[in-house]
Amino acid sequence: MADIPNLRSLTADEFTTSFQALGQPAYRSAQILDWLWKKRVSSIDEMSNLPVSLRETLKEKYELSAPTIVRAQGSKDTTRKLLLKLKDGRFVECVLIPASPALYGEQSDRLTLCVSSQVGCAFACKFCASGLLGFTRNLTPGEITAQILLAEELAGTRVNNLVFMGMGEPLANLPSLLKAIELITSPEGLHIGARHLTISTSGLVPQIKKLADHPRQIRLAISLHGATDEVRSKIMPVNDRWGVDELFEALRYWNSKKKQHLTLEYILIKGINDDLEQARILAKRAKAIRAKVNLIPYNTVEGLPWERPSEDHCRAFRDILKNSGISATLRLEKGHDIDAACGQLRLREETNSE
């Protein structure tokens, strides 16, 4: 039996079409959207201005389940990591980052949320906890947007900025991602501007080009982590499918379609990709596509052998970029003490429960 669709996975157009089929007036769609996204009810029975018969019909055709927060690490004025349990018993994570600097070109904001798009990940980056248990499934649009609602409820304030760089590869779940973005940006939904959304990808070239053709002015960040094929392929198997040159050709195509500057994410791993020659090559590549660089010292993951370089070495790497005219940010530090590297809480929870 197929899963019953979640009401929070439906767009305004889908509501209108469904209600026409049910013989309901068009304004019912607006009423339900208001209950879902403005009043944020947790059950269909709470939609008190709908006829009882319609509420019963909705309960037959749809559900309104949501993930639950099973653990929150961190305090209100610092980075907070949330472990969420889905209806099938699986776990995903999201991270609240207060007073985040403007890392992706947006205005400095009060509250950023790092959002997951999949349960696990199939791309097996060697430094990442998300892929250690493999890939389980894609998140639905409702499960993606639910992370925002739960985080805002916990924080007691509105999320200003979203980054899709939690668990999973967002562009491997592109249909659900694009639908979630419609729900997030629409006036009837969460009404967060597209320019406050950043999607991070490990480098899925065809999907990058497809997203470039999407009309929304979404920001894009690339999980690069190596400036040459030799270095990148050591830690990112995706590079064996789409090498650095092919990836940067796709990024030039992105630039031809979008106004916002690209961001290159670069996790610094001691003895792996932190050689200063990599910094010089990275500077040339970033300059060629007018990209900013976001340097992130490695967050230690239990069970993985990698280490973070010294702060002095990280600064030396950054200074080579800056001296080459590249806008480079070194993130020291957001969440290293709360297992904020993607997938660590989920890995511990699912491993301990087996």
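Conventions adopted
- Residues numbered from 1 in each chain as written.
- Predicted model: local features only at pLDDT ≥ 70, side-chain atom pairs only at ≥ 80, totals over all residues.
- Heavy atoms only, no water.
- Helix = DSSP H or I, 4+ residues; strand = E, 2+ residues; numbered from the N terminus.
- Buried < 20%, exposed > 50% of the residue type's maximum accessible area, 1.4 Å probe, protein only.
- Contact = heavy atoms within 4.5 Å.
- Areas by Shrake-Rupley, 256 points an atom, 1.4 Å probe, with all protein chains shown as cover.
- Axes fitted to C-alpha atoms, helices over the stretch in contact; angles between N-to-C directions.
- Parallel < 35°, antiparallel > 145°, perpendicular 65-115°, else oblique.
- Nonpolar A, V, L, I, M, F, W, Y, C, P; charged D, E, K, R; others polar.
- Expected span 1.5 Å × (residues − 1).
- Arc of directions from axis to C-beta.
- 1 Å grid on protein atoms, 1.4 Å probe; cavity = no way out; pocket = protein on both sides within 12 Å on 5 of 7 lines; lining within 4 Å.
- Points joined across faces, edges and corners; volume = space filled by probe spheres on them.
- Core = buried A, V, L, I, M, F, W, Y, C linked by side-chain atoms within 4.5 Å.
- Left-handed = near helix turned anticlockwise from the far one by under 90°.

A. Layout of the overall build of the protein chain. The helix and strand tally for the protein chain stands at eleven helices and twelve strands. Buried positions account for 54% of the 354 residues belonging to the protein chain. Taking as baseline every contact in the protein chain between residues at least 6 positions apart, the subset at least 24 positions apart corresponds to 67%. On the protein chain, roughly 15,100 Å² of surface is accessible, and the fraction owed to carbon and sulfur atoms is 49%.

B. Structural view of the packing of helix α6 (residues 205–212) against helix α8 (residues 244–257). Packing of α6 against α8 leaves a shortest axis separation of 9 Å and a crossing angle of 5°. The angle between the axes of α6 and α8 places the two elements in the roughly parallel class. Residues Val205, Ile208, Lys209, Leu211 and Ala212 of α6 form the contact with α8, whose participating residues are Glu246, Leu247, Glu249, Ala250, Leu251, Tyr253, Trp254 and Lys257. Taken together, the residues that form the contact of α6 with α8 break down as nine nonpolar, no polar and four charged.

C. Local environment of the pairing of strand β3 (residues 91–98). Of all eight residues in β3, eight are buried; the element is thus mostly enclosed. Burial along β3 is two-sided: Phe91, Glu93, Val95 and Ile97 facing one way and Val92, Cys94, Leu96 and Pro98 facing the other are all buried.

D. Expanded view of α8. Here α8 spans 20 Å end to end across 14 residues, near enough to the 20 Å set by a 1.5 Å rise per residue. Here α8 has its buried residues at Val244, Leu247, Phe248, Ala250, Leu251, Trp254 and Asn255. Taken around the axis of α8, the buried residues stretch over an arc of 155°, which confines them to a single face. Residues of α8 that are exposed and point over 90 degrees away from its buried face: Asp245 and Ser256. At its buried positions, α8 is contacted by α6, β9 (219–223), α7 (229–235), β10 (263–268) and α9 (276–288).

E. Structural view of the layout of surface pockets. Taken as a whole, the largest pocket holds about 500 Å³ of empty space. Taken together, 26 residues make up the lining of the largest pocket; nearest its centre are Asn6, Ser65, Ala66, Pro67 and Ala146. Mapped onto the lining of the largest pocket, the elements with two or more residues apiece are β6 (135–138) and α4 (141–155). With six residues, α4 is the largest single contributor of residues to the lining of the largest pocket. For the lining of the largest pocket, the per-class residue count stands at ten nonpolar, seven polar and nine charged.

F. Layout of the nonpolar core. Leu162, Leu251 and Leu264 are the most contacted members of the largest nonpolar core, which totals 99 residues. Those residues in contact with Leu162, other than ones at most four positions away along the chain, are Leu113, Val115, Ile148, Ile184, Ile192, His196, Leu197 and Thr198. Membership of the second largest hydrophobic core comes to six residues, among which are Cys114, Val163, Met165 and Ala221.

G. Region of interest: the packing of α9 against helix α10 (residues 311–323). The interhelical angle for the contact between α9 and α10, taken along N-to-C directions, is 30°, at an axis separation of 8 Å. In this view, α9 runs roughly parallel relative to α10, as classed from their interaxial angle. Once α9 is placed against α10, the crossing between them reads as right-handed. Between α9 and α10, the contacting residues are Leu276, Gln278, Ala279, Arg280, Leu282 and Ala283 on the first element and His313, Ala316, Phe317, Ile320 and Leu321 on the second. Looking at the contact of α9 with α10 residue by residue, the classes come out as eight nonpolar, two polar and one charged.

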